[in-house]
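Structure at a glance
Chain residues, written in single-letter form:
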Amino acid sequence: MSAALPTNTTTAEAFAAKYADIVAGKTIMTTGVSPNSIGSAFVTALATQKPSTLILAGRNAAKLQQTADAIAKVNADVKVKTLIFDMLSFADVRRAAAEVMAWEDVPAIDVLVNNAGVMAVPYALTVDGVESHLAANHLAHFLFTNLIMDKILASPAPRVVNITSDGHRMSAIRSYDHNFDNGKTYNRWVAYAQSKTANMLFSKSLAEKLGKRGLLSYSVHPGLIMSTSLASHLDMESFVDLAQADRDHGNFAGWLTAADFPKYEVSVEVGAATHVFASFEPSLKDHNGTYLLDARVADPYKDTYRSWARDPIEADQLWTLSEKFVGQEFSY
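Report follows, based on the coordinates. Model, not experiment: these values are computed from the prediction.

What counts and how
Residue numbers here run from 1 along each chain, matching the order of that chain's written sequence. This being a predicted model, a pLDDT of at least 70 is required before a residue's local features are given, and a value of 80 or more before pairs of side-chain atoms are given or counted; all residues contribute to the totals for chains, interfaces and linings. Excluded from the side-chain calculation are hydrogens and water; included are all heavy atoms of the structure. Should a side-chain nitrogen of Lys or Arg be within 4 Å of a carboxyl oxygen of Asp or Glu, the pair is scored as a salt bridge. Helix and strand labels come from DSSP, where a helix needs a run of H or I of at least four residues and a strand needs a run of E of at least two; each type is numbered from the N terminus. Relative accessibility under 20% of the residue-type maximum defines a buried residue, over 50% an exposed one, and the middle range a partly exposed one, all with a 1.4 Å probe and only protein chains included. To get the bend at any residue, fit one axis to the seven residues that end at it and another to the seven that begin at it, then take the angle between the two axes. Nine residue types can take part in a nonpolar core, namely buried Ala, Val, Leu, Ile, Met, Phe, Trp, Tyr and Cys, and a core is a set of them joined through side-chain atoms within 4.5 Å. Should any heavy atoms of two residues lie within 4.5 Å, those residues are considered in contact.

Moving on, we get to the pattern of salt bridges. Per the counting criterion, the structure on display carries seven salt bridges. Between Asp105 and Lys79 there is a salt bridge; the shortest N-O distance is 2.7 Å. Here the residue Asp105 occupies a position in the loop between α5 (90-101) and β4 (111-114), and Lys79 occupies one in strand β3 (residues 79-84), the gap between them amounting to 26 residues. Of the charged contacts, one joins Asp166 and Arg169 as a salt bridge, the two residues approaching to 3.1 Å between their closest N and O atoms. By the burial criterion, Asp166 is buried, and Arg169 matches it. Put simply, Lys79, Lys81 and Asp105 are held in one network by salt bridges that share partners.

See the structure below:
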């Protein structure tokens with residue numbers, strides 16, 4: 001959260017209509033599309049504009065089906081495919097990626113939106129021994145994206161969109177202590193922030209490594225949205241912890257009161273607008289790898305856009321660290 005109030009009030013559906021000619025015929029894959037989420041608002045908005053295929057990915061088959069049913073009500077002619085996988089298991093990410101690569105009816109993926117994630121959850125390690133925020137929010141997407149990269153690059157105009165947050169303001173990549181000393185120094189908001197910084201650096205690396213092959217990649221802050229399941233587990237103690245983490249970093253948000261929050265909050269329909277903008281706006285070709293918010297390119301001098309989330313050395317270090325975590329190198 002920055003000092004600037006949100007200025008975009010246009011919905012995802014309105015943006016989809018703006019890009020109707022671009023959306024038509026495209027295959028778009030999105031992770032994290034539970035009902036009433038930003039992801040579901042994004043895919044249902046796109047369904048109004050005749051995409052070829054919408055691929056819905058997540059860990060809960062029933063929730064995926066609910067979103068698929070919502071898409072059918074909007075446009076029954078849109079082909080919908082679902083993919084189930086657990087983002088807290090590298091083995092299952094690999095299985096899901098292999099499944100996608102075996103789909104003969106999906107020769108190319110035009111847009112991949114890595115939208116799934118967790119926020120401010122209790123300390124836990126995955127089966128692979130990685131802190132859960134970093135695993136679910138970044139490493140699973142890092143591995144999955146790279147494993148299906150051949151299908152992404154098969155598109156004539158491929159894009160990868162990584163959903164982040166201005167919550168990155170609370171931490172750079174903790175390469176020296178990514179697991180918080182096995183939980184002894186754990187702070188749920190710092191853990192979340194580290195993973196959100198990772199999302200931004202991942203987009204920067206993709207643009208640097210694959211921009212020459214036509215890939216465009218952006219990170220997106222959808223805005224402050226408290227009405228989704230991502231925030232459903234938060235209590236008053238969580239917000240006290242958040243304020244303290246911000247104050248520790250001298251961030252403006254640390255001095256906001258509960259009465260201030262409604263001024264910054266946006267609906268899921270407006271939050272998903274920047275997803276659509278990142279996925280289809282033609283002028284973004286001149287800003288490959290950058291961070292977007294409020295349906296525009298972020299300004300590092302006016303917005304919350306920390307230097308650690310845009311530094312090329314940090315991006316290179318994270319790529320190498322991520323390869324070590326997943327046990328596989330991706331050289332482009």
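Past the structure itself, the notes keep going.
This brings us to unusual backbone geometry. Of note in the backbone geometry, Phe180 takes a positive phi value of approximately 55° without being a glycine. Examined against the element boundaries, Phe180 turns out to sit in the loop between β5 (159-163) and α8 (188-210). With a phi close to 50°, Asp181 is a non-glycine residue in the positive phi region. Note on placement: Asp181 falls in the loop between β5 and α8.

Further remarks concern helix α6 (residues 132-147). Along an α-helix, residues three or four positions apart point the same way, because every turn accommodates 3.6 residues. The sharpest bend along α6 measures roughly 35° and falls at Leu139. Along α6, 15 of the 16 residues are buried, which leaves the element largely enclosed by surrounding structure.

Ranked by size, the top nonpolar core spans 43 residues in total, and within it Met29, Leu83, Phe144 and Ile148 carry the most contacts. Listing elements by their share of this core, those giving two or more residues are β2 (53-58), α5, α6, α7 (149-153), α8 and α12 (312-326). With seven residues, the single largest contributor to this core is α6. Once residues lying within four places of it in the same chain are set aside, the contact partners of Met29 are Ile55, Ala57, Leu83, Val100, Ile109, Val111, Leu112, Val113, Phe144 and Ile148. Ranked by size, the runner-up nonpolar core spans 40 residues in total, among them Ile71, Val161, Val276 and Ala295.

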